[in-house]
Amino acid sequence: MTKGILIYAEVTRDNYIHTVFFELANKAQELAAKLGETEVNALLISKKGLAEDYREAFINSGISKIYVCEDERFETYYTESFAKAAVDVINEIKPEILLIGATNQGRDIAPRISTALHTGLTADCTGLDINEKGQLAATRPTFGGQLMATILCKNMPQMATVRPKVFKPAENDNIKPADIIYKTVNFDGIEKKVQLLEFHKKLMTEINELDSAEIIVAGGRGMKNTEGFKLLKEFADKIGAAVGASRVAVEMGLATHEMQVGQTGKTVTPKLYIACGISGAIQHTIGMDKSEKIIAINKDAKAPIFEIADYGLVGDVFEILPQLIKQF
Amino acid sequence: MKIVLCIKQVPDTSDIKWTENNTIQREGLESIMNPYDVYAMEAALKLKNITEATEITALTMGPLQAVEMLKKAIAAGVDKGILLSDKKFAAADTYATGKTIGTAIRQKLSDFDLIICGQFAIDGDTAQTGPSIANTLNIPQVTYVQEIISCKNGELEVRRELDDGTEIVKVKLPALICVLKDYFEPTRAKINGIIKAQNSEITTYGLEDLELSAEEVGLRGSPTYVSRAFRPEPKNTECVFVNSAEELAEKINICKGGGND
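Calculation notes
- Residues numbered from 1 in each chain as written.
- Chains lettered and ligands numbered in written order.
- Predicted model: local features only at pLDDT ≥ 70, side-chain atom pairs only at ≥ 80, totals over all residues.
- Helix = DSSP H or I, 4+ residues; strand = E, 2+ residues; numbered from the N terminus.
- Buried ≥ 20, exposed ≤ 12 C-beta atoms within 10 Å, placed from the backbone.
- Contact = placed C-beta atoms within 7 Å.
- Nonpolar A, V, L, I, M, F, W, Y, C, P; charged D, E, K, R; others polar.
- Pairing = 2+ DSSP bridges.
- Domains from an automatic or database assignment.
- Core = buried A, V, L, I, M, F, W, Y, C linked by C-beta atoms within 7 Å.
- Axes fitted to C-alpha atoms, helices over the stretch in contact; angles between N-to-C directions.
- Parallel < 35°, antiparallel > 145°, perpendicular 65-115°, else oblique.
- Left-handed = near helix turned anticlockwise from the far one by under 90°.
- Expected span 1.5 Å × (residues − 1).
- pLDDT = per-residue confidence, 0-100.
- Right-handed = clockwise from strand over helix to strand, strands pointing away.
- Arc of directions from axis to C-beta.

Now for the overall build of chain B. Across its full length, chain B carries six helices and 13 strands. Considering chain B as a whole, with its 261 residues, one finds that 48% of them fall into the buried category. Considering only contacts within chain B whose residues lie at least 6 apart along the sequence, 70% involve residues at least 24 apart.

Now the structure itself:
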């Protein structure tokens with residue numbers, strides 16, 4: 001019997017498929033090849049009439065079947081109704097593995113689905129593999145990112161969430177339209193208890209500042225105070241960079257959550273990443289170590305950030321940054 | 001209004017030391033209240049200020065030493081503390097934790113209106129336990145809550161901060177919310193709170209107090225298990241150290257494509 005890997009295809013507010021889907025689809029092909037006799041399928045929960053369009057979007061992703069739950073009530077994402085639809089489909093088709101992007105929606109729905117299915121869920125994986133027993137081996141940083149753990153699951157489906165940009169998207173030339181399989185949705189027992197009253201979309205510049213920046217200047221614990229972040233911003237403006245922050249800096253109140261780079265923040269891949277007063281805990285580096293070039297300034301020559309940096313300068317950021325600003 | 005505040009004691013992960021065998025040195029590692037749970041506590045206390053007759057019960061699962069954290073919560077203004085502690089609860093994953101806490105709330109605090117959790121715990125970073133509790137209790141959840149706007153007529157209005165924008169959401173109680181930081185700035189313990197904490201009774205429940213079997217909790221009740229834990233390997237990049245800001249500026253120019261090398 002053919003086994004299955006199911007991928008949750010998140011529909012964005014603009015009715016696009018979230019890019020993390022294509023990254024997961026690509027990784028799933030690799031896992032399917034290791035498992036043998038395994039199909040990679042998609043689960044799509046959306047308003048009516050879009051499935052054909054989405055099939056077009058999926059054409060290079062190696063998806064065999066798209067399980068579609070369509071209803072006008074799915075125009076807006078609500079945890080309980082979406083989770084119910086997903087659980088019903090999963091109970092019927094019984095995939096071995098279920099992958100979900102670790103987006104806001106993915107992180108909201110995944111634990112609801114896993115709890116309802118009485119199965120395990122590994123959050124924010126940075127590595128997925130199939131072990132010698134054919135199990136999903138999901139690797140993730142834990143303990144503040146200072147320890148890596150490979151986690152297995154006893155029950156089915158084995159579930160994992162993966163953050164956007166951890167894997168590369170599919171570059172499959174094999175154009176093969178997927179089969180669309182419509183599933184009826186049973187809304188029994190689903191009372192609408194949550195209502196979206198307003199949505200204020202972020203401006204493109206706000207959303208994409210870190211995502212699209214070619215240069216990022218980021219500050220951590222070593223930036224100490226708001227004066228430190230002002231200095232950082234001044235330097236960033238001089239060289240046309242966006243400003244990022246480590247989790248510690250956000251927790252110290254020096255930067256907002258949107259500026260946070262790392263496991264619980266954004267994953268960024270700029271041409272140049274300049275880490276100022278950041279020690280380089282995996283929590284942080286996991287979100288920036290794929291940057292083309294990394295420069296680190298830190299007063300501790302043994303800070304782990306230097307292990308991933310291309311260029312480093314050991315010293316006090318409060319002395320070095322003003323000097324640097326003068327150079328540009 | 002009855003609020004259940006779910007909090008967790010976590011190791012202070014910003015100060016981890018390694019043993020020679022590449023394991024985490026746990027001795028002397030300080031335990032703190034998970035920072036996001038501090039925000040959750042502040043959200044609960046804010047509600048207590050604006051909503052009449054609010055009672056906040058802080059609930060945690062962990063070793064007996066977690067009593068200290070519950071006492072700190074009471075000192076800050078929380079009314080009662082409940083500790084779920086049993087050797088059999090140990091090493092639970094998020095599924096088993098959600099089930100244990102959810103069952104305890106259903107049995108011992110069944111008249112709750114609102115459950116408040118932190119969005120993440122800094123040791124596990126999963127953000128899964130809150131939704132898992134909500135699913136166990138079959139109640140709605142609202143995650144990524146940045147601000148509580150109002151609470152009236154059995155409904156809570158909140159602001160959610162998401163990657164693509166801000167949502168204003170209304171949820172019927174009983175419900176569970178997971179809160180982020182920023183808006184909820186922590187308050188300090190008050191003197192009368194500290195006195196209250198010293199005299200407070202923390203109720204402790206073990207496995208025999210809950211309608212759960214040993215197979216449903218802790219490591220045995222966890223679908224997931226760790227097969228391997230290891231120290232992350234650093235990337236083998238050879239860092240070229242420079243000695244001055246001038247030299248570093250040159251390197252920055254090269255990296256950003258503005259240099260002549």
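Structure's up, so let's keep going.
Turning to the interface of chain B and chain A, a few remarks are in order. By convention, interface size is frequently given as the accessible area that disappears when the constituent parts associate. With 67 residues of chain B at the interface, the matching set in chain A holds 73 residues. Those elements that provide at least two residues to the side of chain B that touches chain A are helix H3 (94-108), helix H4 (129-137), strand E7 (141-152), strand E8 (155-162), strand E9 (165-172), strand E12 (224-230), strand E13 (240-242) and helix H6 (245-255) of chain B. For the side of chain B that touches chain A, the element with the most residues is E9(B), which contributes eight residues. For the side of chain B that touches chain A, the residue count by class is 33 nonpolar, 17 polar and 17 charged. The pairing of strand E16 (residues 311-314) of chain A with E13(B) spans three bridges and is parallel. Across the sheet, the residue bridging to Leu313(A) is Val242(B), located in E13(B).

Residue and element names in this part refer to chain A. Domain annotation of chain A identifies domain 1 (3-182) and domain 2 (204-327). Distance from the C-alpha centre of domain 1 to the C-alpha centre of domain 2: 32 Å. Each side of the interface is counted separately: domain 1 has ten residues, and domain 2 has seven residues.

The tendency in soluble globular proteins is for nonpolar side chains to be buried side by side. By size, the foremost hydrophobic cluster in this structure holds 130 residues, and its most contacted members are Ile7(A), Ala86(A), Leu5(B), Ala40(B) and Ile116(B). If near-sequence neighbours (up to four positions away) are discounted, Leu5(B) is found in contact with Ala40(B), Met41(B), Ala44(B), Ile56(B), Thr57(B), Ala58(B), Leu59(B), Val78(B) and Ile116(B). By size, the runner-up hydrophobic cluster in this structure holds 48 residues, among which are Leu210(A), Ala241(A), Ile320(A) and Cys255(B).

Checked against the element boundaries, Thr76(A) lands in the loop between strand E3 (65-70) and helix H3 (79-93). For the pair Thr76(A) and Pro304(A), spaced 228 residues apart in sequence, the C-alpha separation works out to 43 Å.

Residue and element names in this part refer to chain A. The geometry of helix H6 (residues 226-239) relative to helix H10 (residues 317-327) is characterised by a closest axis approach of 10 Å and an angle of 25° between their N-to-C directions. With respect to H10, the axis of H6 lies roughly parallel. In this structure, H6 meets H10 at a crossing whose hand is left-handed. Between H6 and H10, the residues in contact are Gly228, Leu231, Leu232, Glu234, Phe235 and Lys238 and Phe318, Leu321, Pro322, Leu324 and Ile325, respectively.

Right, let's talk about the environment of Phe318(A) for a bit. With respect to the helices and strands, Phe318(A) occurs in helix H10. Between the alpha carbons of Phe318(A) and Leu98(A) there is a distance of 48 Å; along the sequence they are 220 residues apart.

So, on to H3(A). An α-helix turns once per 3.6 residues; consequently, residues spaced three or four apart project the same way. Residue and element names in this part refer to chain A. Spanning 15 residues, H3 covers 21 Å between terminal C-alpha atoms, matching the ideal 21 Å at 1.5 Å per step. Those residues of H3 that fall on the buried side of the exposure criterion are Thr79, Glu80, Ser81, Phe82, Ala83, Lys84, Ala85, Ala86, Val89 and Ile90. Positive phi shows up at Lys94, right after H3, with a value of about 45°.

Right, let's get into the sheet that holds strand E11 (residues 202-205) of chain B. The sheet built from ten strands is open, its strands ordered E11(A)-E9(B)-E8(B)-E7(B)-E10(B)-E6(B)-E1(B)-E4(B)-E5(B)-E11(B) with mixed pairing. With partners counted over all chains shown, the strands left at the sheet margins are strand E11 (194-201) of chain A together with E11 of chain B, one partner each. When strand polarity is set aside, the average angle formed by the axes of neighbouring strands in this sheet is 30°. Bridging between E7(B) and strand E10 (residues 175-179) of chain B involves three bridges; their strand directions are parallel.

If you walk across this open sheet you meet the six strands as E13(A)-E12(A)-E14(A)-E15(A)-E16(A)-E13(B), and the pairing is parallel. If you trace the sheet from one side to the other, it starts and ends with strand E13 (242-245) of chain A together with E13 of chain B, each paired once. Adjacent strand axes in the sheet meet at a mean angle of 20°, parallel and antiparallel pairs treated alike. Sitting on the sheet, H6(A) touches strand E12 (215-219), E13 and strand E14 (272-276) of chain A, and the angle it makes with E12(A) is about 170°.

Residue and element names in this part refer to chain A. Positionally, Ala86 belongs in helix H3. Among the residues examined, Ala86 registers 24 C-beta atoms within 10 Å and is labelled buried. Sequence separation between Ala86 and Ile45 is 41 residues, and the spatial gap between their C-alpha atoms is 7.8 Å.

Let's shift gears to the confidence of the model for chain B. Regions with low pLDDT should not have their predicted coordinates read in detail. All names here are of chain B. When pLDDT is averaged along chain B, the result is 88; 87% of the residues meet or exceed 70. No element of chain B has a lower mean pLDDT than helix H5 (residues 191-199), at 77, and none a higher one than strand E1 (residues 2-6), at 98. Scoring the predicted complex yields pTM 0.83 and, for the interface, ipTM 0.87.

What follows covers the pairing of E12(A). Residue and element names in this part refer to chain A. With respect to burial, E12 is a largely interior element, five of its five residues being buried. In E12, alternate side chains face the same way, and those of Ile215, Val217 and Gly219 on one face and Ile216 and Ala218 on the other are all buried. Sheet topology places E12 next to E13; four bridges connect them, and they run parallel. What sits directly across from Gly219, in E13, is Ala245. This β-α-β element, E12 to H6 to E13, shows right-handed connectivity.

Let us now look at the confidence of the model for chain A. Per-residue pLDDT for chain A averages 91, and the proportion of residues at 70 or more is 96%. Ranking the elements of chain A by mean pLDDT puts helix H5 (residues 204-212) of chain A last, at 66, and strand E4 (residues 97-101) of chain A first, at 98.

This paragraph deals with H6(B). For H6(B), the complete set of buried residues consists of Ala245(B), Leu248(B), Lys251(B), Ile252(B) and Cys255(B). Looking straight down H6(B), one finds its buried side chains confined to an arc of 115°; they lie on one side. Looking at the buried positions of H6(B), the neighbouring elements they touch are H6, E14, strand E15 (293-298), E16 and H10 of chain A together with E13 of chain B. Phi for Gly257(B), located one or two positions after H6(B), is positive at around 85°.

What follows concerns the pairing of E1(B). Remember that side chains alternate between the two faces of the sheet whenever the strand is regular. All names here are of chain B. The buried fraction of E1 is high, at four of five residues. Sheet topology places E1 next to strand E4 (residues 55-61); five bridges connect them, and they run parallel. When the sheet's bridge partners are listed, Val4 is paired in E4 with Thr57. Bridge count between E1 and strand E6 (residues 114-118): three bridges; the pairing is parallel. Bridged to Val4 within E6 is Ile115.

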